Amino acid sequence: MKKLDKNKLILGVAAPVLAIVAALAITSVIILATGKDPIHAYTVMADFGSKSDSQVWIVNKAIPYYLSALAVAIGFRMNLFNIGVDGQYRIAAFFAAVVGGALTLPGFLQIPLIIIVAMLVGSVWAGIAGLLKTTRGVSEVITTIMLNSIAAAVIGYFLQEGRLAQKDGNLFHTPNIPSSSHFFTIPTTPKPLDGFLVVAVIVGALYWFVLNRTRFGFDLRTVGQSESAAEASGVSVKRMVVTSMLLSGAAAGLIGMPTLLGVSYNYGTDFPIGIGFTGIAIALLGRNHPVGMAAGALLWGFLERTGTQLEFEDYQQEIVGVMQGVIVLCVVIAYELVRRYGLRLQQRQVGEELAAQARKTDKAEVSA
């Protein structure tokens, strides 16, 4: 048992180390191919990323990335590819902003109301794909991609003057939510941290607890690994598919809340887009584990923050995108290689134990 635990520990460390080494090596070759010094690039990124204002920026940027990764990971654990997280959080944030701008309630009532509306809208939007998959057999990949486009069209229709939006210069946005509904911040120097960091930590803890310490989480993981085995044990696969999509959409509804409640205070044509697709990469990077996805979100924020500084050093602006892609690929490949090696190692150990047991049996028969 100690040997097996030791092997698991070694393999667990080997995968991220192999991924980091491979990513650094490949990225360095790419930077060298552009005629630049990779060591200088890494030095610039480390120096700029370690500044206090950069650290605050990175953490605040990582919050919606982390929530997006959690939404994607819920589907991944069920073997569902919810590629529609981007549309789900955008339409959720839009209608939450509409409700928040139309009401003037005390903050302790209005803030939870806005968040609940966002989660409900995101859940319903994702639930459509779940229902279509279970009732008509339509792939969730196709339906969620189409629902992304439909969400953008719905927002574009209502986000016009005279409907649910108002014009402000060249921008259209929903009415501002009252100041009493602005989310709290955590005082730090030189700028405050977004208070939604607390919500992200709580959601991450709930994600871990539900998946690893509840019957529902066990059923969800079982269906993800083998639908036939889950059905044989009495689990309703269709119900789990719909429930997982509803939960994934509810988590997606939280993605836009840090921006809505702490930055823009409305939904406008300049509201952030594309976070849902970033969440897919971070979920892969973090291997669907809450701590791993948190590290991936911080890494993503670090690369985006320090990438701006590389431009001032005459590095190509696309180099950060290349780094992000290389890191994700290296992590996926490294973990798969280590998983296969670990499986072979386990099979070899089992074979050795069986052979040793057979030899003992033979000796006992000869002695008898």
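Quick caveat, the model's predicted, so the values are computed rather than measured. Along each chain, the written sequence defines residue order, and numbers are assigned to residues from 1. Confidence filtering applies because this is a predicted model: local features only for residues at pLDDT of at least 70, side-chain atom pairs given and counted only at 80 or more, and all residues used for totals across whole chains, interfaces and linings. Hydrogens and waters are ignored; side-chain quantities use all the structure's heavy atoms.

**Q** Can you walk me through the overall build of the protein in this structure?
**A** A count of helical and extended segments in the protein gives 14 helices and four strands. Expressed as lengths along the three principal axes of its C-alpha atoms, the size of the protein is roughly 95 × 55 × 35 Å. Contacts between residues were defined by any pair of non-hydrogen atoms, one from each residue, lying within 4.5 Å. Excluding contacts between residues fewer than 6 apart, the proportion of contacts in the protein whose partners are at least 24 apart in sequence is 75%. Note on areas: these come from Shrake-Rupley sampling with a 1.4 Å probe, and a residue is covered only by the protein chains present in the view. A total accessible area of about 19000 Å² is found for the protein, and carbon and sulfur atoms account for 65% of it. Seen as two clouds, the 28 positive and the 23 negative side-chain charges of the protein have centres 9 Å apart. Only DSSP runs of H or I reaching four residues or more are called helices, and only runs of E reaching two or more are called strands; each is numbered from the N terminus. His is not counted here, nor are the chain ends, while Lys and Arg score as positive and Asp and Glu score as negative. Here the site of a charge means atom NZ of a Lys, CZ of an Arg, CG of an Asp or CD of a Glu.

**Q** Would you explain the UniProt feature "transmembrane region" (unreviewed entry) in the protein in this entry?
**A** UniProt positions are given in the numbering used here, feature names are shortened, and annotations may be inferred rather than shown by experiment. The UniProt record marks residues 9–35, 55–76, 88–105, 111–132, 141–159, 193–211, 246–267 and 319–338 with the feature "transmembrane region" (unreviewed entry), using the residue numbering of this structure. As annotated, residues 319–338 comprises 100% helix and 0% strand, and the C-alpha atoms at either end are separated by 28 Å.

**Q** Explain the domain arrangement of the protein to me, please; I cannot follow it from the model alone.
**A** By a frequent convention, interface size equals the accessible area lost on bringing the separate parts together. Once the domains are mapped, the protein shows domain 1 (1–36 + 318–359) and domain 2 (58–314). These domain limits were set by an automatic method or by a database of domain assignments. Using only C-alpha atoms to locate each centre, domain 1 and domain 2 end up separated by 30 Å. In this assembly, ten residues from domain 1 lie in contact with twelve residues from domain 2. Buried area between domain 1 and domain 2, both sides added, is near 990 Å², and the carbon and sulfur share of it is 78%. A per-residue breakdown of the area domain 1 buries against domain 2 is headed by Val-320, Gln-324 and Val-328, which together make up 44% of the total. Salt bridge criterion: a side-chain nitrogen from Lys or Arg within 4 Å of a carboxyl oxygen from Asp or Glu. Our count for the contact surface shared by domain 1 and domain 2 stands at zero salt bridges. Accessible area that two parts lose when put together, with a 1.4 Å probe and added across both, is what the buried area reports.

**Q** How should I be thinking about the pattern of salt bridges in this particular structure?
**A** Opposite charge on two side chains allows them to pair when their charged atoms are near. Applying the stated criterion across every chain, the model contains six salt bridges. Notably, a salt bridge pairs Glu-140 with Lys-133, separated by 3.1 Å at the nearest N-O pair. Three exposure classes are used, based on accessible area relative to the maximum for each residue type with a 1.4 Å probe and protein chains only: buried under 20%, partly exposed in between, and exposed over 50%. On the basis of relative accessibility, which here comes to 27%, the residue Lys-133 falls in the partly exposed class. For Glu-336, the salt bridge is made with Arg-340, and the minimal N-O distance between the two is 2.9 Å.

**Q** Looking at this structure, how should I read a nonpolar patch on the surface?
**A** Candidates for patches are residues over 30% relative accessible area with no salt bridge; among them, like charges are joined within 9 Å and nonpolar side chains (Val, Leu, Ile, Met, Phe, Trp, Tyr) within 5 Å. Among the surface-exposed residues, Leu-18, Leu-284, Leu-329, Val-332, Ile-333 and Leu-337 lie close enough to one another that they form a single nonpolar patch of about 520 Å² accessible area. With four residues, helix α14 (residues 319–367) is the single largest residue contributor to the nonpolar patch. Relative to the elements of secondary structure, Val-332 occurs in helix α14.

**Q** Just checking my understanding: could you explain unusual backbone geometry for this structure?
**A** The general pattern is negative phi for most residues beyond glycine and trans for most peptide bonds. Cis geometry marks the peptide bond from Thr-189 to Pro-190, where omega comes out at 5°. By the secondary structure assignment, Pro-190 is in the loop between β3 (185–186) and β4 (193–194). At Tyr-265, a residue that is not glycine, the phi angle is positive and equals roughly 65°. The residue Tyr-265 is located in the loop between α11 (257–264) and α12 (275–285) in this model. Tyr-265 sits in the partly exposed class, given a relative accessible area of 23%. The backbone of Arg-287 sits at a positive phi, close to 55°, despite the residue not being glycine. With respect to the element layout, Arg-287 can be found in the loop between α12 and α13 (290–312). The class of Arg-287 is partly exposed, set by a relative accessible area of 39%.

**Q** Even after reading the chapter, I still don't get the environment of Ser-233, so can you show me in this structure?
**A** Locating Ser-233 in the fold gives a position in the loop between α9 (227–232) and α10 (237–253). Judged by relative accessible area, Ser-233 falls into the partly exposed class, the value being 48%. Note: C-alpha distance between Ser-233 and Thr-222 (eleven residues apart in sequence) is 9.7 Å.

**Q** Would you take a moment to explain the nonpolar core for this structure?
**A** Among soluble globular proteins, nonpolar side chains are generally buried collectively. Only buried residues count toward a nonpolar core. Its members are Ala, Val, Leu, Ile, Met, Phe, Trp, Tyr and Cys residues joined through side-chain atoms within 4.5 Å. Formed by 89 residues in total, the largest nonpolar core has its most connected members in Leu-67, Ile-115, Phe-196, Met-257, Leu-261, Tyr-267 and Met-293. Tallying contributions element by element places helix α3 (residues 52–77) first for this core, with eleven residues. Each of domain 1 (1–36 + 318–359) and domain 2 (58–314) accounts for three or more of the residues forming this core. In this view, Tyr-267 contacts Arg-90, Ala-93, Phe-94, Ala-97, Ile-155, Leu-159, Phe-172, His-173, Thr-174 and Leu-260; residues no more than four positions away in its chain are not counted.

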